[in-house]
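Working through the structure, step by step
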Amino acid sequence: LTRPLSAIIYQKTKGNPLFVSRLMCSLCKEGLLRLSLSRCRWEWDTKQIRSRRLPDDIAIFLADSLGEMPYKVRWALFVLSCFGASSESAFVVESQGLGSDVLKNLDIAVTEGLVDKIDDRYCFAHDRIQEAAYNIMPEQKRCLVHFKNGLQLSSLLIGDNGASSS
């Protein structure tokens, strides 16, 4: 029953697990793959899925997918990506001075399966997602954010040292 869908998905993704999972999510969002409650099974439009154009590179696919997210979610993902694969939520909030708004947007990314939240730490679900989130902003913007993060971190460090020396 699912063999035709499996063949199409494999052909389009070359079996890359990240690509498979993100493509399946995308097909569900577009209504090309849907759960039929009346028939108690999944249904799909084979012709539409087969004709769907996809980039060969997962990075391009992820960048396109991120581009469809609201700007504030993309910004939160970008900010998180500047710290590497993961960061504590308090650290992300403190570094940008954005308050809990950035955490709400990261929580949206969690529901989308792009980020995992473990205790008080946000972690990218895959390094290619982090790479795509980092590259959605132009290089000049990335440099500026890194500079601001460095200033903020140094002021936190100086503030901690000044408090402990008194």
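Refer to the structure printed above.
Because the structure is predicted, anything quoted here is derived from the model rather than measured. In this convention, every chain numbers its residues from 1, walking through the sequence in written order. For this predicted model, a pLDDT threshold of at least 70 governs which residues receive local features, and a threshold of 80 or more governs which side-chain atom pairs are given and counted, while totals over whole chains, interfaces and linings are taken from all residues. Calculation of side-chain values draws on the structure's entire complement of heavy atoms; hydrogens and water are dropped beforehand.

**A few points about unusual backbone geometry**
The criterion, for reference: Elements are defined by DSSP. Helices are runs of H or I of four residues or more, strands are runs of E of two residues or more, and each kind is numbered from the N terminus. Burial here depends on accessible area, computed with a 1.4 Å probe over protein chains only, as a share of the maximum for the residue type. Under 20% is buried, over 50% is exposed, and the range in between is partly exposed.
With a phi close to 55 degrees, Lys14 is a non-glycine residue in the positive phi region. For Lys14, the location among the structural elements is in the loop between helix 1 (3-13) and helix 2 (17-29). Owing to a relative accessible area of 63%, Lys14 belongs among the exposed residues under this scheme.

**Some thoughts on the pattern of salt bridges**
To keep it simple, the criterion reads: Throughout this description, the term salt bridge denotes a Lys or Arg side-chain nitrogen within 4 Å of a carboxyl oxygen of Asp or Glu.
One pass over the full model with this rule turns up six salt bridges. Its salt-bridge partner being Arg39, residue Glu43 comes within 2.9 Å of it at the nearest N-O pair. The salt bridge partner of Arg128 is Asp57, with a shortest N-O separation of 3.2 Å. Residue Arg128 is located in helix 8 (residues 127-135), and its partner Asp57 is located in the loop between helix 3 (46-51) and helix 4 (58-67); the two are separated by 71 residues in the primary sequence. The class of Arg128 is partly exposed, set by a relative accessible area of 24%. Sharing partners across several salt bridges, the network here consists of Asp57, Arg128 and Glu131.

**Overview of the sheet that holds strand 4 (residues 115-118)**
As a reminder of what qualifies: Between any two strands, pairing holds if DSSP finds at least two bridges. Axis definition: a line fitted to C-alpha atoms, limited for helices to the stretch in contact. Angles are taken between N-to-C directions and run from 0 to 180 degrees. Residue contacts are counted whenever heavy atoms from the two residues lie within 4.5 Å of one another.
Spatial strand order, 3-5-4: three strands in an open sheet with antiparallel pairing. Bordering the open sheet on either side are strand 3 (86-88) and strand 4, each of which pairs with just one other strand. Adjacent strand axes in the sheet meet at a mean angle of 20 degrees when their direction is disregarded. As paired strands, strand 4 and strand 5 (residues 121-124) are joined by four bridges and run antiparallel to one another. Paired with Val115 across the bridge in strand 5 is Phe124. Together, strand 3, strand 4 and strand 5 form the strand contacts of helix 5 (residues 71-81), whose direction differs from that of strand 5 by roughly 90 degrees.

**Details of the nonpolar core**
Quick reminder of the rule: Buried Ala, Val, Leu, Ile, Met, Phe, Trp, Tyr and Cys residues that are joined via side-chain atoms within 4.5 Å together make up what is termed a nonpolar core.
Residues Leu77, Leu106, Leu114 and Val115 are the most contacted members of the largest nonpolar core, which totals 41 residues. Elements represented by at least two residues in this core include exactly helix 1, helix 2, helix 4, helix 5, helix 6 (89-96), helix 7 (101-111), strand 5 and helix 8. Looking at this core element by element, the count peaks at seven residues for helix 5. With near-sequence residues (within four places) excluded, Leu77 lies in contact with Leu66, Leu106, Ala109, Leu114, Val115, Phe124 and Ala133.

**Quick look at helix 7**
Test applied: To obtain the arc, one takes the directions from the helix axis to the C-beta atoms.
Among the residues of helix 7, Val102, Leu103, Asn105, Leu106 and Ala109 are the ones counted as buried. The buried residues of helix 7 occupy one face: seen down the axis, they fall within an arc of 160 degrees. Residues of helix 7 that are exposed and point over 90 degrees away from its buried face: Lys104 and Thr111. Downstream of helix 7 by a residue or two, Gly113 has a phi angle that is positive, lying close to 85 degrees.

**Remarks on the pairing of strand 5**
Relative to strand 5, strand 3 runs antiparallel, the two sharing three bridges. By the bridge assignment, Glu88 is partnered in strand 5 with Arg121.

Without other data, these values stay purely geometric and don't point to any function.
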